[in-house]
Amino acid sequence: MTVTRFAPSPNGQLHLGHAFSAIVAHDRAVKDKGRFLLRIEDIDGPRSRPELADAFRADLEWLGLEWEEVPAQSSRTAAYQKVAQTVLKEQHGVLYPCTCSRSEIAAAATRMGPDGPIYPGTCRGKKSGDLHAKAAWRIDMAKAVRIAGPLSWRDEILGIQKATPEIFGDVVILRKEAPASYHLAATLDDAQDGISLVTRGADLFQATHIHRLIQALTGLEPPVWHHHDLLLDEGGQKLAKRRNSPSLTDRRLAGEEGVRLADMLRSGNLPAGISLGR
Ligand code: GLU
Ligand code: ZN
């Protein structure tokens, strides 16, 4: 059965790009007579605001979508820690603590990756005791890739992809003073929730290399991915970055018709100045 999800983070209001993403996931589940799940990704510490999750539900309802909600990430943090400790750290020995600051990393880095400077490996040789919150925990990428062996994954649009998580270097798996990184939490949750098709924006395409690696190391069955086009503004920038564009909540409270807006997004009849692309 097709199981899709929409997994917003409650650290800002939803905008048209989120609406499009939710509609893609929802409509696909409906078409396949599957399930569409909502998962609130609220492990961003003080940046996560519970009242925004309520607004998300109201926004989705306003768009005319129906969903099943699964537990929010904040209620699953013990599972993230357990997998990190027992599988990544004890079984595979691929986690190490890093106490470098952002500016230290920027100063020492010699290469750029998809998410900015590649971690130069300063702390890689550090002895690692038990997982604790005083450090970020990074993955020894070269070692992890050796253990996992060659991996691939399937994108519905672009076909079979060779997994190349090494383009990111030693990414953070457990954030300092936060329960997990997005990569670990989302990967474990997608498996836990039985997601068969991960639909999300093309801006997260590269992250899938890391997720595929985490699945291999933790023995999880990979889903299929569908990285959809993004809504772009006049300058060709991803809509999220656009300032002064009304949020879904703004539109809802202004009395705009959500179901009509959803149908416009479905039909590609986009508001002035907005286009689809990647
Ligand atoms: N919480 C992530 C976001 O809002 C979701 C990413 C995903 O769909 O995997 O960007
Ligand atoms: Zn470090």
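Structure: above.
Owing to the predicted nature of the structure, the values given are computational and were not obtained by experimental measurement. (Residues numbered from 1 in each chain as written. Chains lettered and ligands numbered in written order. Predicted model: local features only at pLDDT ≥ 70, side-chain atom pairs only at ≥ 80, totals over all residues. Heavy atoms only, no water.)

### With respect to the coordination of the zinc ion (ligand 2)
Then, in step 1: Around the zinc ion (ligand 2), the protein contributes the donor atoms C98 (SG), C100 (SG), Y119 (OH) and C123 (SG), which lie 2.0 to 2.4 Å from the metal centre.
Then, in step 2: Taken in chain order, the donor set of the zinc ion (ligand 2) reads C-x1-C-x18-Y-x3-C. (Donors = N, O, S within 2.8 Å, 3.2 Å for Na, K, Ca; no water.)

### Some points on the packing of aromatic side chains
Then, in step 1: This model, assessed by the stated rule, comprises 3 aromatic pairs.
Then, in step 2: Ring geometry for W153 versus F205: centroids 5.1 Å apart, planes at 55°, classification tilted. A residue pair is termed long-range when its members are at least 10 positions apart, and W153 in strand β8 (residues 152-155) and F205 in the loop between β11 (197-201) and α7 (207-218) qualify at 52 residues.
Then, in step 3: Judged by its relative accessible area of 2%, W153 is buried.
Then, in step 4: With 5.6 Å between their ring centres and 75° between their planes, W153 and W225 make a pair best called edge-to-face. In this pair, W153 is assigned in strand β8 and W225 in strand β12 (residues 224-228), connecting sequence segments 72 residues apart. Across the pair, exposure class does not vary: W153 and W225 are buried alike.
Then, in step 5: Among the aromatic side chains, those forming a connected cluster through ring pairs are W153, F205 and W225.
Then, in step 6: Directly above the aromatic system of Y119 lies the positively charged group of R138, at a separation of 3.9 Å from the ring centroid. (Phe/Tyr/Trp six-rings, centres within 6.5 Å; stacked < 30°, edge-to-face > 60°. Helix = DSSP H or I, 4+ residues; strand = E, 2+ residues; numbered from the N terminus. Buried < 20%, exposed > 50% of the residue type's maximum accessible area, 1.4 Å probe, protein only. Lys NZ or Arg CZ within 6 Å of the ring centre and 35° of its normal.)

### Focus on the side chain of H183
Then, in step 1: Here H183 is to be found in helix α6 (residues 182-192).
Then, in step 2: What H183 contacts, discounting residues up to four positions off in sequence, is A207, I210, H211 and I214. (Contact = heavy atoms within 4.5 Å.)

### A short note on the pattern of salt bridges
Then, in step 1: With the rule as written, the count across this model stands at 22 salt bridges.
Then, in step 2: With its nearest N and O atoms 2.5 Å apart, the salt bridge here joins R266 to D27. Placement of R266 in helix α9 (residues 258-267) and of D27 in helix α1 (residues 16-31) is noted, with a sequence separation of 239 residues between them.
Then, in step 3: Its salt-bridge partner being E51, residue R49 comes within 3.2 Å of it at the nearest N-O pair.
Then, in step 4: R49 sits in the partly exposed class, given a relative accessible area of 38%.
Then, in step 5: Judged by its relative accessible area of 45%, E51 falls in the partly exposed class. (Salt bridge = Lys/Arg side-chain N within 4 Å of Asp/Glu carboxyl O.)

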